[in-house]
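For reference, the chains in residue letters:
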Amino acid sequence: MSEYAMHTDAHSNFWSTTLGERPASRPRLTANVQADVVIVGAGFTGLWTAYYLKRLAPEREIVVLEAERVGHGASGRNGGWVVGNLAGLERHIGGLSREERRTCCGVVADNVDEVGRVLAHEGIEADFNKGGAIYAAARYRDQIAIQRDYLQHLHELGHSEANCCWLDAEQLSEKARFRNGHGGIYHRQVATVNPAKLVAGLAECVERLSVTIHEQSRAETLSHHKVSTREGSVESPMVVCATEGYADRFLDFKRHVIPVQSLVIATEPLSEARWQEIGMAERPAFADASRLINYGHRTADGRIVFGARGNYYLGARSKADQAIDDEAIRMRRDLLVDLLPALEGVRVEYGWGGSLGLSRNFRPHAILDRRDGLATAGGYAGEGVAASHLFGRTLADLILERDSELVRMPWAFANDSHRRLIKRWEPEPLRWLAAQAITFSYAGEEALMRRDKPAPLLKPALRRLNDRFASIIE
Ligand SMILES: Cc1cc2nc3c(=O)[nH]c(=O)nc-3n(C[C@H](O)[C@H](O)[C@H](O)COP(=O)(O)OP(=O)(O)OC[C@H]3O[C@@H](n4cnc5c(N)ncnc54)[C@H](O)[C@@H]3O)c2cc1C
């Protein structure tokens, strides 16, 4: 054990400890039934789709099948950022006019307020807090230019200057005090939630609207208009596949959207004295400029939940268990303390992980294939908490044939198939080798920048190479 103390049993999900006693499992599907829509997967995508279908068309019979328990996948395990952006947005809107881009950015930004509004309206208590997000240059000087470029990119993309603005060092230190807080971007349209409370509350909410949820009911086959589990089946004109990074059973989807692992830690609740040093009174989300992503936020009970450095594993298996090893916890804790020196000696009480879905097109999608009676949404690439709300709502509009603004967004596809719209991932070991090469190259660039010494040939060369990688995968 290093100089930082850790619980020896720190290998579990903090969020699930906030739910109180776990209720008994919902009944399994044990009969052959019929429904207007059957949804596979009780994470955010499946449940938001059910929610909007029921709100818009209360007479429809909706059945949700979940292989394990509600929130078993990424929705019950994530870092809790509710982001007013989409990973891969540029790929959807890069070719549109400035006006159209601004409209799309407005839709994803407003989506955050819409999540907050619905939670308040439905009485879902999930610690929703709109404290914005800080994307800081917090460790070394080169990060200032990286973040300045990123801010310019956000504005060119269509995000408003009111929503995304620059903080100089002093303004940054008023919000949060990092080791080397040189400055950073402040994004107003970002909130945070306790995701386990959100997914549990949402499930109860849709049940109140008379959606049927079956747990421990793994779909074995998804054929046209019929989903079968080991003990029963649901016949329906519309099947929604909402399994994102957990589509192991469905090769047909997994060829296009693969699981990538993401790991998170939670500290002990911090003392008031520590919070005085750190700041973050508005409980913002925070990240610092790195291609090797890191992100965190101050929880409602005064901890820091912090995630960093997703990984792709050979063979693309979803992470069913939640445990992560000591080394993974230690690496994230050291990175967190490097960002926030006031955390020196902090105890890490929890560490856990899960799988998110990455589409081969590196952008999320909401697709309805009316001919086959099949709909799906996902590929959120680690930014799925807010996106799943927007995309679940979009799927509901597509299914109900509503002529809404959402179905006209470039990520919404009516009457098309995921097989045609999303490329297939390359076979192994090509995928794994490419992921290793990119991670290695990103880590090399970061190590050079950390040294804070000039490397007139190597630095720009690595930056160009990594920009190229990023343009391919981000
Ligand atoms: C550690 C981690 C941190 C993250 N942090 C953030 C963050 O801070 N902000 C953010 O925006 N995004 C974050 N994400 C991503 C985000 O959590 C996901 O994109 C989002 O939750 C996806 O929701 P979903 O409902 O589409 O999929 P999931 O929540 O993964 O749900 C899929 C469900 O399908 C079920 N299922 C699978 N196969 C079957 C079957 N055959 N039959 C029945 N059910 C089945 C699974 O059991 C699972 O419950 C993070 C992800 C991880 C793993």
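You'll find the protein chain entered in an unreviewed UniProt entry as FAD-binding oxidoreductase, with Chromohalobacter canadensis given as the organism.

Draft legend 1. Expanded view of helix α11 (residues 384-399). Within α11, 16 of the 16 residues are buried, which leaves the element mostly enclosed by the surrounding structure. The first or second residue beyond α11 is E401, which carries a positive phi of 55°.

Draft legend 2. Expanded view of the nonpolar core. The biggest cluster of nonpolar side chains holds 131 residues, and the ones touching the most others in it are L47, V82, V240 and L395. If one sorts the elements of this core by residue count, α11 sits on top with 9 residues. Contact partners of V240, with chain neighbours within four places excluded, come to V37, I39, V40, G46, T49, A375, T376 and L395.

Draft legend 3. Here's a closer look at the site of the ligand. In the vicinity of the ligand, 44 residues are found, and the nearest of them are G41, G43, G73, G79 and G384. Taken together, the elements giving at least two residues each to the shell around the ligand come down to α2 (44-56), β4 (81-83), β14 (257-267), β18 (348-359) and α11.

Draft legend 4. Here's a closer look at the environment of E204. In this fold, E204 is placed in helix α7 (residues 195-208). Along the chain, E204 and G351 lie 147 residues apart, while their C-alpha atoms are 27 Å from each other.

Draft legend 5. Seen up close, the domain arrangement of the protein chain. Examined at the domain level, the protein chain breaks down into domain 1 (16-81 + 195-256 + 361-421) and domain 2 (428-474). Summarising the inter-unit geometry, the C-alpha centres of domain 1 and domain 2 are found 36 Å apart.

Draft legend 6. Summary view of the pairing of strand β15 (residues 285-288). The side-chain alternation of β15 yields two buried faces, one formed by A285 and A287 and the other by F286 and D288. Across 2 bridges, the pairing between β15 and strand β16 (residues 294-298) is antiparallel. Along β16, the bridge assignment pairs F286 with G296.

Draft legend 7. Just unusual backbone geometry, in detail. At the junction of E428 and P429, the peptide bond is cis and its omega measures out at 5° in the coordinates. Following the sequence through the fold, P429 ends up in the loop between α12 (418-421) and α13 (430-451). The backbone of M280 sits at a positive phi, close to 60°, despite the residue not being glycine. Relative to the elements of secondary structure, M280 occurs in the loop between α9 (272-278) and β15. The backbone of F362 sits at a positive phi, close to 55°, despite the residue not being glycine. One can find F362 in the loop between β18 and β19 (365-369).

Draft legend 8. Representation of the packing of α2 against α7 in the model. Here α2 crosses α7 at 30°, and the two axes come no closer than 10 Å. Between α2 and α7, the angle falls in the class roughly parallel. With respect to the hand of their crossing, α2 and α7 are arranged in left-handed fashion. Along its contact with α2, which presents F44, L47, A50, Y51 and K54, the element α7 presents V199, L202, A203, C205 and V206. Here the residues of the contact of α2 with α7 sort into 9 nonpolar, no polar and 1 charged.

Rules used in this analysis
Residues numbered from 1 in each chain as written. Predicted model: local features only at pLDDT ≥ 70, side-chain atom pairs only at ≥ 80, totals over all residues. Buried ≥ 20, exposed ≤ 12 C-beta atoms within 10 Å, placed from the backbone. Helix = DSSP H or I, 4+ residues; strand = E, 2+ residues; numbered from the N terminus. Core = buried A, V, L, I, M, F, W, Y, C linked by C-beta atoms within 7 Å. Contact = placed C-beta atoms within 7 Å. Near = placed C-beta within 6 Å. Domains from an automatic or database assignment. Pairing = 2+ DSSP bridges. Axes fitted to C-alpha atoms, helices over the stretch in contact; angles between N-to-C directions. Parallel < 35°, antiparallel > 145°, perpendicular 65-115°, else oblique. Left-handed = near helix turned anticlockwise from the far one by under 90°. Nonpolar A, V, L, I, M, F, W, Y, C, P; charged D, E, K, R; others polar.

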